[in-house]
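A structural walkthrough
For reference, the chains in residue letters:
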Amino acid sequence: MSDLRIPTHPRKEKITVYVNGREVLAYAGESLHAALLAAGFFVLRRAGSEPRGFFCGMGVCYDCLVTVDGRPGQRACMTRVEDRMEVELDVD
Ligand code: FES
């Protein structure tokens, strides 16, 4: 999967997060929202049969809930990435 980040934007150091066990590139200081979108994760969970992903991007809609380091119900758009963070998406 290609990186969807704007290539000319300056970034801090590379770090690694794990998404459903898969290694994903992130940059220190960016949100988990940014890292997941850049890696091509658009569906984060399901509400019944309906897919949920990013909607507002500013902590209001709660559509971006994921599990972070074993803590369920974390908003990806309000969570800053940390090296070796483990993220679980509730998707098949
Ligand atoms: S995208 Fe709306 S709360 Fe995260």
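The shown structure was predicted, so the numbers you read here are calculated from the model rather than taken from an experiment.

A count of helical and extended segments in the protein gives one helix and seven strands. The secondary structure elements of the protein, listed N-terminal to C-terminal, are β-β-α-β-β-β-β-β. Over its C-alpha atoms the protein spans a radius of gyration of 12 Å, differing by no more than 12% from the 12 Å that the globule rule assigns to 92 residues. Summarising its shape, the C-alpha atoms of the protein cover approximately 40 × 25 × 25 Å along the three principal directions.

As summarised here, the arrangement of the five strands in space is β2-β1-β7-β5-β6, forming an open sheet in which the pairing is mixed. Two strands in the sheet have a free side with no partner beyond their single neighbour: β2 (22-27) and β6 (71-75). On average, each strand axis in the sheet is inclined to that of its neighbour by 40°, with strand direction left out of account. As paired elements, strand β1 (residues 14-19) and strand β7 (residues 86-88) share two bridges and run parallel to each other. Bridged to Val19 within β7 is Val87.

For Asp69, the position within the fold is in the loop between β5 (65-68) and β6. Beyond its immediate stretch of four places on either side in the chain, Asp69 contacts Arg84, Met85 and Glu86.

Moving on to a nonpolar patch on the surface. Taken together, the side chains of Leu4, Phe42 and Val43 define a hydrophobic patch exposed on the protein surface, amounting to about 280 Å² of accessible area. For Val43, a relative accessible area of 31% puts it in the partly exposed group.

Bridge count for β1 against β2 is six bridges, and the pairing is antiparallel. Paired with Thr16 across the strands is Leu25, a residue of β2. Connecting the antiparallel pair β1 and β2 is a turn made up of two residues, with Asn20 showing a positive phi of about 50°.

What follows deals with the packing of aromatic side chains. Going through the model one piece at a time under the given rule, you end up with zero aromatic pairs. Here the basic side chain of Arg11 rests over the ring of Tyr27, its NZ or CZ set 5.6 Å away from the ring centre.

Turning our attention to unusual backbone geometry. Of note, Asn20 is a non-glycine position whose phi angle comes to about 50°, a positive value. Relative to the elements of secondary structure, Asn20 occurs in the loop between β1 and β2. Accessibility expressed as a relative area gives 43% for Asn20, which makes it partly exposed. Even without being a glycine, Arg84 presents a positive backbone phi close to 70°.

Rules used throughout
Residues numbered from 1 in each chain as written. Predicted model: local features only at pLDDT ≥ 70, side-chain atom pairs only at ≥ 80, totals over all residues. Heavy atoms only, no water. Helix = DSSP H or I, 4+ residues; strand = E, 2+ residues; numbered from the N terminus. Rg over C-alpha atoms; globule rule 2.2 N^0.38 Å. Pairing = 2+ DSSP bridges. Axes fitted to C-alpha atoms, helices over the stretch in contact; angles between N-to-C directions. Contact = heavy atoms within 4.5 Å. Patch = residues over 30% accessible without salt bridge, like charges linked within 9 Å, V, L, I, M, F, W, Y side chains within 5 Å. Areas by Shrake-Rupley, 256 points an atom, 1.4 Å probe, with all protein chains shown as cover. Salt bridge = Lys/Arg side-chain N within 4 Å of Asp/Glu carboxyl O. Buried < 20%, exposed > 50% of the residue type's maximum accessible area, 1.4 Å probe, protein only. Phe/Tyr/Trp six-rings, centres within 6.5 Å; stacked < 30°, edge-to-face > 60°. Lys NZ or Arg CZ within 6 Å of the ring centre and 35° of its normal.

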